[in-house]
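Breakdown of the fold
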Protein chains: 2
Amino acid sequence: MIASEGSWPRALSALAPADARLALSIHRFVTRELRVDWRGAGLVVALSGGLDSTALLVVLSALRERLDFSLTAAHLDHGLRPESGQDAEAARELCRRLDVPFQLRRLDMANHGTGRGLEDAGRRARYAFLDEVRQDVGARWIVTAHHVGDLAEDILLRLIRGASWPGLGGMSGMAAPCGLRGADGEGRVLRPLLLVEKARLRALLERQGIPWREDASNGQRNFRRNRVRLDVLPLLLAENSDLYDVARSLWRVARADETYWRALVFPVLEFVPEGILLGRNALAGLPRSARLRAYVEALTRLGRGQARSSTIFALDEAWEQHRYGRRFQFSGGACAALDSRGILFCFSTDEAALCAKEGGAAGKRKGNGRD
Amino acid sequence: MIASEGSWPRALSALAPADARLALSIHRFVTRELRVDWRGAGLVVALSGGLDSTALLVVLSALRERLDFSLTAAHLDHGLRPESGQDAEAARELCRRLDVPFQLRRLDMANHGTGRGLEDAGRRARYAFLDEVRQDVGARWIVTAHHVGDLAEDILLRLIRGASWPGLGGMSGMAAPCGLRGADGEGRVLRPLLLVEKARLRALLERQGIPWREDASNGQRNFRRNRVRLDVLPLLLAENSDLYDVARSLWRVARADETYWRALVFPVLEFVPEGILLGRNALAGLPRSARLRAYVEALTRLGRGQARSSTIFALDEAWEQHRYGRRFQFSGGACAALDSRGILFCFSTDEAALCAKEGGAAGKRKGNGRD
């Protein structure tokens, strides 16, 4: 069923009542749970033209009048699939009928390898393009169509990779992936559909008679993400049909905990010329739970590599036992050195070589590299 | 390979060096991580005669001399499988050759239904028997053979059921399942192998030439636990061969967080004649993360039923907005009522009926009941 030309919804009143309620619940989620006031905001919608992003654009288009958005849709043609030109044209047509400005870029990603390397390169290219458009049109937010199915998938991917808590609770609703932070230090990416089920999005498009494009590569098992979605998630859903509620609750508790631990941990990170210092007195005031997170945060700020958990626990044990002089090496050359001032996290090749010689536990990357 | 009569290890020196190191690392885990001093303790070992519990008994038997344990093995024959009588005889023979006192009970569980009902009844009967033996011989601990494979399985089962954090980090190493708390309020069940891989246990038994019994029912998919072990875990292990390290780290962070939240939350629970009160001033001093856990703890203490997470979040929102007079109903008839004193958690049929009429969000059980 295809609606007649020009009839696609540009206001809440043009939606079926259930879909209008969905749109309003999405607005409530953004304002109350993400605590973002997006009224009057400039929004750049990442539009692949698949089910999720098409529904996102329709919802935002319907909310436009009430919330005074200025919308732009941005479509990146990775040039990886023969039908990608048709996808771009369908996205352009959708935007024409919703009266949303459309920006397109064509890339040739075909020589970026396969598997995880290609996935990472594609994501970086996509966000770089989206942020360019955002700056061009003077918008505040890049908006993506991640929904609760993506959230559940993300939780499982994080479990597999060995994320700790609260990271295990899944992606943020307002985030700064690929370094996209504003001058205010805040994230630039908003995910208003994060707790919505895909089935609700499909119902909306079907009721409105709005078509979408299917991406055949979603069915391929060469990406870990696809294997988790196609093979693992269905087994868990067969055990508990309320699994998406489980994901929502975990996500909510994780957000509360993230806020809490940040407030406790961030103030104790001291930026010194040699690196990041956790001072003795600051550490003495922290419970073990916060110390473990302070170590991970310091290593994250130093950059490169994932901290091996067993080394984090060994470091904390050494700290509890006042083993001044002990050093621990992490992946990528980062080092933690204990002395009477506290714990210094630093990062230099010399330092790393020294640590390696002194036999600090070596870090290594998780995962078996199939991606 | 069966070792000759009488040669099974009763001291560390009788083990291969790798197995002696394993036994000592298990002792370190109990003393340093579970913070239990089990030297000189009376231990009742839950002995099914399978690989895990056979290895547990051998390890404890080898540590006996050094740590001065008094060991008793307890075997419950559920009478569910034709070979269960042979299992009992094999367990008795193992104990004879390790010089460990053996206690046996036969039950007829065949009329306890199937699936989850049977699993629950079996577990209750098992722990009741183990605790009887424990009291008979004047022992402090029931010791079970759960290993890191069981822990990973437990984390997935908790994820499926919708456990929050830190519960999602898996079973405790020292616990009180089925109400087995001592007069001191402490747990009675110890799990010394919780971070050990089954492959290490198998290697120990093979090196010593000690046989074990296979339980064919472990391969049946009528229990959720078995489906998770047989179908879900292998998919995750294929993505990350270090998945057991992931489970160990999650477990360790969960233990630190559990200690932390308990210290914050337990003192604010006020036991009053009508139920459990979270006083207004106490609540005002708690961050949102701690409030959410305080609600769950209050409901857990009231007993019966699992708190539906969405109701917990709605309750906290109402508290933040000072909606005095609001009531929320949870499964099993428990109720939370907001007034200017704070939040009262109570539990009565009348109260439940009142709540239901006033339209508080109703709780329901998770899962699709296949178990």
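Above this text you will find the structure in question.
An account of the accompanying structure is given in this report.

About the criteria used
- Residues numbered from 1 in each chain as written.
- Chains lettered and ligands numbered in written order.
- Predicted model: local features only at pLDDT ≥ 70, side-chain atom pairs only at ≥ 80, totals over all residues.
- Heavy atoms only, no water.
- Helix = DSSP H or I, 4+ residues; strand = E, 2+ residues; numbered from the N terminus.
- Buried < 20%, exposed > 50% of the residue type's maximum accessible area, 1.4 Å probe, protein only.
- Contact = heavy atoms within 4.5 Å.
- Areas by Shrake-Rupley, 256 points an atom, 1.4 Å probe, with all protein chains shown as cover.
- Polar contact = N/O pair within 3.5 Å; in protein donor to acceptor, adjacent residues only side chain to side chain.
- Pairing = 2+ DSSP bridges.
- Axes fitted to C-alpha atoms, helices over the stretch in contact; angles between N-to-C directions.
- Expected span 1.5 Å × (residues − 1).
- Buried area = accessible area lost by both parts, 1.4 Å probe.
- Salt bridge = Lys/Arg side-chain N within 4 Å of Asp/Glu carboxyl O.
- Nonpolar A, V, L, I, M, F, W, Y, C, P; charged D, E, K, R; others polar.
- Right-handed = clockwise from strand over helix to strand, strands pointing away.

**Section: the overall build of chain A**
Of the regular secondary structure elements, chain A holds 12 helices and 11 strands. Taken over 371 residues, chain A has a buried fraction of 54%. Counted over contacts in chain A with a minimum sequence separation of 6, partners at least 24 positions apart contribute 70%. Accessible area for chain A stands at about 16,100 Å²; split by element, carbon and sulfur atoms hold 49% of it.

**Brief notes about the environment of B:D231**
Topologically, B:D231 is positioned in helix α7 (residues 224–239). In this structure B:D231 comes out as partly exposed when scored by relative accessible area, which is 25%. Separated by 62 residues in sequence, B:D231 and B:G169 have C-alpha atoms that sit 21 Å apart. If we ignore the near neighbours within four places in the chain, the residues touching B:D231 are A:L235, B:R221 and B:N226. A distance of 2.8 Å separates polar atoms of two side chains, one belonging to B:D231 and the other to B:R221.

**Topic: the sheet that holds strand β4 (residues 141–143) of chain A**
Residues and elements named next belong to chain A. Pairing is mixed in the open sheet, where 6 strands are placed in the order β3-β2-β1-β4-β6-β5. Since the sheet does not close on itself, it has two edges, and those belong to β3 (102–106) and β5 (174–175), each with one partner. Summarising the sheet, strand β1 (residues 42–46) and β4 pair through 3 bridges and their orientation is parallel. Bridged to V45 within β4 is V143. Packed onto the sheet, helix α2 (residues 51–67) meets β1, β2 (70–77) and β4 and runs at close to 160° relative to β1.

**Looking at helix α3 (residues 84–98) of chain B**
Residues and elements named next belong to chain B. Compared with the 21 Å implied by 1.5 Å per residue over 15 residues, the 21 Å span of α3 between its first and last C-alpha is a close match. Buried within α3 are the following residues: S84, D87, A88, A91, L94, C95, R97 and L98. The inward-facing, buried residues of α3 contact α2 (51–67), β2 (70–77) and β3 (102–106). Within two residues after α3, D99 carries a phi angle of roughly 60°, on the positive side.

**Re the interface of chain A and chain B**
With 49 residues of chain A in contact, the opposing surface of chain B contributes 50 residues. Contact between chain A and chain B buries roughly 4,200 Å² in total, counting both sides, with carbon and sulfur atoms accounting for 58%. Three residues, A:I160, A:E239 and A:Y260, lead the burial of chain A against chain B; their summed loss comes to 16% of the area buried on that side. Summed over the shared surface of chain A and chain B, the result is 8 salt bridges. Across the pair B:R293 and A:D257 runs a salt bridge whose closest N-O atoms are separated by 2.6 Å. When residues of the side of chain A that touches chain B are traced back to their parent elements, those giving at least two are α5 (148–161), α7 (224–239), α8 (243–265), α10 (288–302) and α11 (309–320) of chain A. Counting residues per element, the side of chain A that touches chain B draws most heavily on α8(A), which supplies 12 residues. The residue makeup of the side of chain A that touches chain B, split by class, is 21 nonpolar, 9 polar and 19 charged.

**So, the pattern of salt bridges**
Residue and element names in this part refer to chain A. The full count for this structure, using the stated rule, is 58 salt bridges over all chains. The partner of R96 in a salt bridge is E93, with the nearest N and O atoms 2.9 Å apart. Placement of both R96 and E93 in helix α3 (residues 84–98) is noted, with a separation of 3 residues, approximately one turn of the helix. For R96, a relative accessible area of 46% gives the class partly exposed. A salt bridge links R221 to D231; the shortest N-O distance between them is 2.8 Å. Of this pair, R221 sits in the loop between α6 (198–208) and α7 while D231 sits in helix α7, and the two are 10 residues apart along the sequence. Its relative accessible area of 45% is what places R221 among the partly exposed residues. Salt bridges sharing partners connect three or more residues here, namely R288, R291, D316 and E320.

**Notes on the pairing of β2(A)**
All names here are of chain A. Counting buried residues along β2, 7 of its 8 residues qualify, which places the element largely inside the surrounding structure. In this sheet, β2 lies alongside β1 in parallel orientation, the contact comprising 5 bridges. Residue pairing for β2: L43 is matched across the bridge by L71. Two strands pair when backbone bridges link them, and β2 and β3 are joined in this way by 5 bridges, in the parallel orientation. Pairing of A73 across the sheet is with F102, part of β3. Read as a crossover between parallel neighbours, the route from β2 over α3 to β3 is right-handed.

**Some remarks on the side chain of A:T144**
Residues and elements named next belong to chain A. By secondary structure assignment, the location of T144 is in the loop between β4 and α5. Exposure remark for T144: the relative accessible area of 4% places this residue in the buried category. Here the side chain of T144 touches H146 through a polar contact of 2.8 Å, side chain to side chain. Residues contacting T144, with those up to four places away along its chain left out, are A46, L56, Y127, V189, L190, R191 and P192.

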